[in-house]
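Chain by chain, the residues run as shown.
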Amino acid sequence: MAVVPYKDKKTSKREQVEEMFDSISPKYDLLNHLLSAGIDIVWRKKAIQLLQPEKPRRVLDIATGTGDFAIEALKLNPEKITGVDISEGMLKIGREKIRKLGLENKIELRTGDSERLPFSDNVFDAVIVSFGVRNFENLLKGLTDMYRVTRKGGTCVILEFSKPRKFPFKQFFSFYTNRLLPLIGRLVSKDASAYTYLPESMQAFPDGPDFVRVLEQAGFTQTRWIPLTFGICSIYIGKKV
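Before going into details, it helps to say that this report is about the structure given with it. (Residues numbered from 1 in each chain as written. Predicted model: local features only at pLDDT ≥ 70, side-chain atom pairs only at ≥ 80, totals over all residues. Heavy atoms only, no water.)

1. Overview of the environment of Pro227
And then number 1: With respect to the helices, strands and loops of the structure, Pro227 is situated in strand β6 (residues 221-228).
And then number 2: Considering only alpha carbons, one finds Pro227 and Gly208, 19 residues apart in sequence, at a separation of 8.0 Å.
And then number 3: Once you skip the residues sitting within four places of it in the chain, Pro227 turns out to touch Cys233 and Ser234. (Helix = DSSP H or I, 4+ residues; strand = E, 2+ residues; numbered from the N terminus. Contact = heavy atoms within 4.5 Å.)

As structure tokens, this is what we get:
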């Protein structure tokens, strides 16, 4: 059974994830940086640095949220970055952020379902996602659609939470995510379900070698798994050849 934010509702995971992000969007950036002690910024920088040798011209940022990963991807000096997300609440904040930075000519944020991308085949030189694939209703379907819109020779870079495997960080991280994180999230965002869903979805997510296998099943080759910060986050890379 799929992990969903609101267990008392009968709506689909996609609908619940959209509702959840609309709900927490005003506090999302604050909570992201607060709950990770700002290290999420470092993780995004590392993921983009790994793409620099590819020099992608057209970049697609899936589950773009408020646009932080898309903005970081400007360091690749692409011609255009397109971000898609199902949450209008998140996109509204992202568009305002981009407007204030004067980046409308470089970054476009569009409403779109990450598992049914509104683009033709073989369009993007790079497809990137930060903390989004865990929320897919159908992981393989979403990754397969990402493969479809990636051009031949293009690269997919995915940044996602993972589960530490070594003592004592494994135990500490479990305590933090299951006890402290929901408490802080509830106090700041007023949506208790959103920050209970986070550790539950992390626990259920097939990280590490298990995720690499799904990535390869979707069609990607030359895959890599790069754990970060004792394994609490990972970068996954795949190529379309």
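2. Observations regarding helix α5 (residues 88-100)
And then number 1: Helix length check: α5 (13 residues) gives 18 Å between terminal C-alpha atoms against 18 Å at 1.5 Å per residue, within 8%.
And then number 2: When α5 is considered as a whole, its buried residues turn out to be Gly89, Met90, Leu91, Gly94, Lys97 and Ile98.
And then number 3: Structurally, α5 contributes buried residues whose contacts are with α1 (13-24), α2 (28-35), α4 (68-72), β2 (80-85) and β3 (107-111).
And then number 4: After α5 finishes, the residue Gly102 shows a positive phi value of roughly 70°. (Expected span 1.5 Å × (residues − 1). Buried < 20%, exposed > 50% of the residue type's maximum accessible area, 1.4 Å probe, protein only.)

3. Examining the pattern of salt bridges
And then number 1: Within this structure, the stated rule accounts for 21 salt bridges.
And then number 2: The salt bridge partner of Asp40 is Arg44, with a shortest N-O separation of 2.7 Å. On the criterion of helical spacing, the pair formed by Asp40 and Arg44 is a turn pair, its members being four residues apart in helix α3 (residues 39-51).
And then number 3: Residues joined by salt bridges that share partners form a network here, namely Arg14, Glu18, Asp113 and Arg116. (Salt bridge = Lys/Arg side-chain N within 4 Å of Asp/Glu carboxyl O.)

4. Topic: the packing of helix α6 (residues 139-149) against helix α9 (residues 209-217)
And then number 1: Look at α6 against α9: their axes get within 8 Å of each other, and the N-to-C directions meet at 50°. Taken together, the axes of α6 and α9 lie oblique to each other. In this structure, the crossing between α6 and α9 has a hand that is right-handed. Taking contact as the criterion, the partners of Leu139, Leu140 and Leu143 in α6 are, on α9, Phe211, Val214, Leu215 and Gln217.
And then number 2: Taken together, the residues that form the contact of α6 with α9 break down as six nonpolar, one polar and no charged. (Axes fitted to C-alpha atoms, helices over the stretch in contact; angles between N-to-C directions. Parallel < 35°, antiparallel > 145°, perpendicular 65-115°, else oblique. Left-handed = near helix turned anticlockwise from the far one by under 90°. Nonpolar A, V, L, I, M, F, W, Y, C, P; charged D, E, K, R; others polar.)

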